[in-house]
Structure formats: C-alpha cells, structure tokens
Amino acid sequence: HNNCPKCDAVDYIVEGRVDQSSPWIIIAQGDFDWKDSVLGRNDRGKPVSSTFESGDEDLEFEEVPFSSNVQAFLEYRLTFPTTRQAGYTYLMFAELELPGWII
C-alpha cells in the first residue's frame, strides 16, 4: 500500500550483466505512464491475481516491456532515478515483479 504520492517513482532503468566483473548494460529505460498524471492507489490487503502474461486488471499496475532484449544476464539491476517530488528522499511501491525464463 503506497500512501505517499511524493514517493512515486516516475522513471526507471533496467540493466543486466553477465557476471560481476562485466559492465552493466541498459536493457530498458523510460518514464512511467503516470509521470504527468495522478496515480491511482490500490486498497490495502486486496488480493492480487496476476499471471506471467498479464497484470491484475482489477488493480492499478504498470507493465514495462523489454521484449527486444534477447540476451540472458546473471544479474539485473533496477533503478528508479526520480521520484514525483524531485529530491524527495523516500521511494515507496507495493509490489515489483520481474518475470522471466530460467535457462
């Protein structure tokens, strides 16, 4: 349950690397759809019914596709560079899912 609108992440960077000595490679980056609008809030304790293919249509969610990436990585890094109120020191979100394939 996120009740801190100033804490909303408004953009993201997804990176990967093949081992700990390799540089990070940007897989995807951009703004969330809610960057310039009011973000809806999900009720606390409401069950989530999502699948690998789709988020729960009864809830507020954002899907960030990076299907153009065809490289497998050992490590992933997700960065939220900016919050809704620039310089705000807190970041809050309720759930994060990075689906993928085990190879």
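Quantities reported herein were computed from a predicted structural model and do not represent experimental measurements.

1. Examining the side chain of Asp56
The topology assignment puts Asp56 in the loop between β2 (25-31) and β3 (75-79). Lys46 is the oppositely charged side chain nearest to the buried, salt-bridge-free Asp56, at an N-O distance of 7.0 Å. Among the polar contacts made by the side chain of Asp56, one reaches the main-chain amide nitrogen of Ser49 at a distance of 2.8 Å. Every residue in contact with Asp56, bar those within four places of it in the chain, is listed here: Pro47, Val48, Ser49, Ser50 and Phe61.

2. Let's talk about the pattern of salt bridges
One pass over the full model with this rule turns up 3 salt bridges. Ionic pairing is found between Arg84 and Asp8, a salt bridge with its closest N-O pair at 3.4 Å. Note that Arg84 is positioned in the segment after β3 and Asp8 in the segment before β1 (11-17), a separation of 76 residues in sequence. A residue is classified by how much of its surface remains accessible, and Arg84, at 29% relative accessible area, is partly exposed. Take Asp8: its relative accessible area is 2%, and that puts it in the buried class. Across the pair Glu75 and Arg17 runs a salt bridge, and its minimum N-O distance is 2.6 Å. In this pair, Glu75 sits in strand β3 while Arg17 sits in strand β1, placing the two residues 58 residues apart along the sequence. Comparing Glu75 with Arg17 shows no difference in burial state: the two are buried.

3. Describing the nonpolar core
By size, the foremost hydrophobic cluster in this structure holds 9 residues: Ala9, Val10, Tyr12, Val14, Ile27, Ala28, Phe32, Trp34 and Phe73. Mapped by element, the contributors of at least two residues to this core are β1 and β2. Excluding anything up to four places from it in sequence, Ala9 contacts Phe32, Trp34, Phe80, Thr82, Thr83 and Leu91.

4. Here's the deal with the packing of aromatic side chains
Tallied over the entire structure, the rule returns 4 aromatic pairs. Ring plane angle 80 degrees and centroid distance 5.7 Å describe the contact between Phe73 and Tyr76, whose orientation is recorded as edge-to-face. We classify Phe73 as buried; its relative accessible area is 10%. A network of ring pairs unites the aromatic residues Tyr12, Phe32 and Phe80 as a single cluster.

5. A closer look at the environment of Glu15
Along the polypeptide, Glu15 turns up in strand β1. The buried category is assigned to Glu15, whose relative accessible area is 11%. Those residues within four positions of Glu15 in sequence are excluded, and the remaining contacts are Trp24, Ile25, Ile26, Ile27, Glu75, Tyr76, Arg77 and Thr79.

6. Section: the sheet that holds β1
Strand order in the open sheet made by the 3 strands is β2-β1-β3, with antiparallel pairing throughout. Strand pairing shows two members of the sheet lacking a second neighbour, β2 and β3, which therefore form its edges. Put simply, the sheet's adjacent strands are angled 10 degrees from each other on average, direction ignored. Summarising the sheet, β1 and β3 pair through 5 bridges and their orientation is antiparallel. Directly across from Glu15, in β3, lies its bridge partner Arg77.

Definitions and limits used
Residues numbered from 1 in each chain as written. Predicted model: local features only at pLDDT ≥ 70, side-chain atom pairs only at ≥ 80, totals over all residues. Heavy atoms only, no water. Helix = DSSP H or I, 4+ residues; strand = E, 2+ residues; numbered from the N terminus. Buried < 20%, exposed > 50% of the residue type's maximum accessible area, 1.4 Å probe, protein only. Lys, Arg positive; Asp, Glu negative; His and termini not counted. Salt bridge = Lys/Arg side-chain N within 4 Å of Asp/Glu carboxyl O. Polar contact = N/O pair within 3.5 Å; in protein donor to acceptor, adjacent residues only side chain to side chain. Contact = heavy atoms within 4.5 Å. Core = buried A, V, L, I, M, F, W, Y, C linked by side-chain atoms within 4.5 Å. Phe/Tyr/Trp six-rings, centres within 6.5 Å; stacked < 30°, edge-to-face > 60°. Pairing = 2+ DSSP bridges. Axes fitted to C-alpha atoms, helices over the stretch in contact; angles between N-to-C directions.

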